[in-house]
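Observations on the three-dimensional arrangement
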Amino acid sequence: MPQVSMTVNGKAASGEIEGRTLLVDFLRDNLGLTGTHVGCDTSQCGACVVHVNGKDVKACSVFAAECEGAEVVTIEGMAGPDGSLNAVQQAFQDHHGLQCGFCTPGMVMTAAALLQKNPKPSESEIRDYLEGNICRCTGYHNIVKAIMAASGQDAGQVAAE
Amino acid sequence: MYAFDFERPSTIADAVKALGQDDAQALAGGQTLIPSLKQRLAMPSKLVSLAGIDEMRGICVDDGGRVCIGGATIHADVAAQEHYPALAALAGNIGDPAVRNRGTIGGSLANNDPSACYPSAALASNATIVTNTREIAADDFFTGLFETALEDGEIITEVKLPVPEKAAYMKFEQPASRFALVGVFVAKHSDGVRVAVTGASNGGVFRWTEAEEALSSNFSADALEGMSADASNMISDVHGSGAYRAHLTGVMARRAVTAAG
Ligand SMILES: Cc1cc2nc3c(=O)[nH]c(=O)nc-3n(C[C@H](O)[C@H](O)[C@H](O)COP(=O)(O)OP(=O)(O)OC[C@H]3O[C@@H](n4cnc5c(N)ncnc54)[C@H](O)[C@@H]3O)c2cc1C
Ligand code: FES
Ligand code: FES
C-alpha cells in the first residue's frame, strides 16, 4: 500500500493509505484526530474543513495522497499547548456560538481562515464566507457574533435577520 | 468508492503519458469528481492529479491583451486577479470559499455541467481553450450536456480570454446547490456583443443570438425589454419550469447589461 507523509498540527505524520483514502479518513482513522467531523460526505456542509497549506478546504473532498508533503492544520491544532483556547474558539464559547457542536470544528476553521485574510470583516462578509458551513442548531447569529468578537469588533451590532 | 491507483506527475508530458493508460482519469480540484467517485458514477483504474503541475497554474496577460489562465488554476486565484473584473466576480461567486480553494477553471470547463458558471464566461468572452495537443475556440468546445470537444486523455492546459470593453455575469443562484439556476454572461467586444446563458438549456451553455443582435446596435437594458429566450428546449425540474427559466434569462441578461455599465 502506498505511504503518505505530511505535517499535521506542526508534527510529522505518515501512514499507509489507498489511492481512495480521503484526507478526513486519514486524519480520523490513521491519526485519531476525530475533531474533524463528517456531516454530509458530499462537500455541502463544511463540518470537515481543515487548512491545507494555509487554505481552508473540505477534508471529505480531498484525497490524502494529494496532501503529500503538505502542512495540515485541524481543530486540534487551534488551542495552545496548555489547552488554552485561541481567540476564535474562546469567542464561540463566550457568545454561545454552538449548541450540539457538530458543525463547530468546521465553523472555527473557516472563521480562522477568513480572519487571516480579512482581520476585520463586516457582518455581511462573515455571512458570505460561511456560505459552505451549515449549522442545524444555532440559526447562525451567535456564530456571526462570535466571529465579530474574535476580530475585536462589537458583537452587539449583529442584526438578527 | 471503487479502488484506484493514484499518480501525481509534475509535468504536462508525464500527465499525458499517465492518462494514456486504460481507464485513467484526470483529477483537478476534485470538487465534482470526488463526489462522483463516491456515488460510483465514475470508476477509473487510475487518477492522475494535475495539482502538482506548476506549468498549469497561474495567470498572465499575453501580447494580444488576452488573460491567460493555467488549466489547473483554482477559482480563488481567478477571483483575486484584476485584469478581467467580470471574470473575477464570477469566480468569486462559485460555490463557497473551500470549493474555490480546490476547484479549477480547467475542471469546470472539461466537466461542462449545464449549470456551471465558467462555460458562459468562456463562450461570451470568445475564449480559446488550449489543450496538450491543440487550441479550440469556445464556440466549438461545448458540445452538449457534460460533453465537450475534448478527446480521451486530452487535458486543458490553459484558457485564453480576450477582455471585453464591458462585461458582467449575473447568476440567479439555486440556493441548495449554489450553482446557477440561470446565469447570463454579457460581453461587449469592439466587434460586437456576445451573450452566453448557462443553467437554462437542455443543450447546456448557449449563445442567445437575438439578445446579441439587439445589444449590438444599442447596448442598454432597454434594448432587451420584453425579450426572453425560447422556452422550448429549457430545463424543467423541481426548481423551475422551462418557461420560468426562459423568463429569468431575459431578467438576468438585462441585469447583466446594467451591471456592465
Ligand atoms: C458545494 C459546491 C458548490 C459548487 N458551486 C458551483 C457554482 O456555483 N458554479 C460552478 O460553476 N461550479 C460550482 N461547483 C463546481 C466546482 O466549480 C468544481 O470545482 C468544478 O466544476 C470542477 O472543477 P474541479 O477542478 O474540481 O474538477 P474535478 O472535479 O477534479 O474534475 C471534473 C472533471 O473534469 C476533468 N478534468 C479536470 N481537470 C481537467 C483538465 N485540466 N483537462 C481535462 N479534463 C479535466 C476530470 O477528469 C473530471 O471528469 C460547486 C461544487 C461544489 C462541491
Ligand atoms: S463532510 Fe465534508 S462538507 Fe460535509
Ligand atoms: S451547533 Fe449543532 S450543527 Fe451547529
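Residues numbered from 1 in each chain as written. Chains lettered and ligands numbered in written order. Predicted model: local features only at pLDDT ≥ 70, side-chain atom pairs only at ≥ 80, totals over all residues. Heavy atoms only, no water.

1. Considerations on helix H3 (residues 104–117) of chain A
Spanning 14 residues, H3 of chain A covers 20 Å between terminal C-alpha atoms, matching the ideal 20 Å at 1.5 Å per step. Buried positions along H3 of chain A lie against strand E3 (49–52), strand E4 (55–58), strand E5 (71–73), helix H2 (87–94), helix H4 (123–129) and helix H5 (141–150) of chain A. (Helix = DSSP H or I, 4+ residues; strand = E, 2+ residues; numbered from the N terminus. Expected span 1.5 Å × (residues − 1). Contact = heavy atoms within 4.5 Å.)

2. Brief notes about the state of the cysteines
Residue and element names in this part refer to chain B. Inspection of the entire model under this criterion finds zero disulfides over all chains. Here Cys68 stays free of any disulfide, with the sulfur of Cys60 as its closest cysteine sulfur at 4.7 Å. Look at Cys68 and you get buried, because its relative accessible area is 4%. (Disulfide = S-S within 2.5 Å. Buried < 20%, exposed > 50% of the residue type's maximum accessible area, 1.4 Å probe, protein only.)

3. Describing the confidence of the model for chain B
Averaged over all residues, the pLDDT of chain B equals 96, while 100% of them reach at least 70. The ipTM for the predicted assembly is 0.96, set against a pTM of 0.96. (pLDDT = per-residue confidence, 0-100.)

4. A short note on the interface of chain B and chain A
Size of an interface: often given as the accessible area lost when the parts come together. Taken together, the contact pairs 26 residues of chain B with 22 residues of chain A. Its largest share of buried area at the contact with chain A, chain B owes to Lys38, Arg102 and Arg178 of chain B, together 24% of the area lost on that side. Here Lys58 of chain A makes a salt bridge to Asp96 of chain B, at a shortest N to O gap of 2.6 Å. Residue assignment for the side of chain B that touches chain A shows that the elements contributing at least two residues are helix H2 (33–38) and helix H5 (97–100) of chain B. In terms of residue count, H2 of chain B provides more of the side of chain B that touches chain A than any other element does, four residues in total. Of the residues in the side of chain B that touches chain A, the class split is 16 nonpolar, four polar and six charged. (Buried area = accessible area lost by both parts, 1.4 Å probe. Salt bridge = Lys/Arg side-chain N within 4 Å of Asp/Glu carboxyl O. Nonpolar A, V, L, I, M, F, W, Y, C, P; charged D, E, K, R; others polar.)

5. Notes on the site of ligand 1
Around ligand 1 lies a shell of 32 residues, among which Ala26, Leu33, Thr104, Cys117 and Arg178 of chain B are the nearest. Each of chains A and B places residues near ligand 1. For ligand 1, an oxygen atom lies 2.8 Å from a polar atom in the backbone of Gly29 of chain B. Backbone polar atom of Gly30 of chain B to an oxygen atom of ligand 1: 2.7 Å apart, as the coordinates give it. About the coverage of ligand 1: the protein hides 94% of its 950 Å² of free accessible area. For the shell around ligand 1, the secondary structure elements donating two or more residues are strand E2 (24–27) and helix H6 (105–111) of chain B. With four residues, the single largest contributor to the shell around ligand 1 is H6 of chain B. (Near = heavy atom within 4 Å. Polar contact = N/O pair within 3.5 Å; in protein donor to acceptor, adjacent residues only side chain to side chain. Areas by Shrake-Rupley, 256 points an atom, 1.4 Å probe, with all protein chains shown as cover.)

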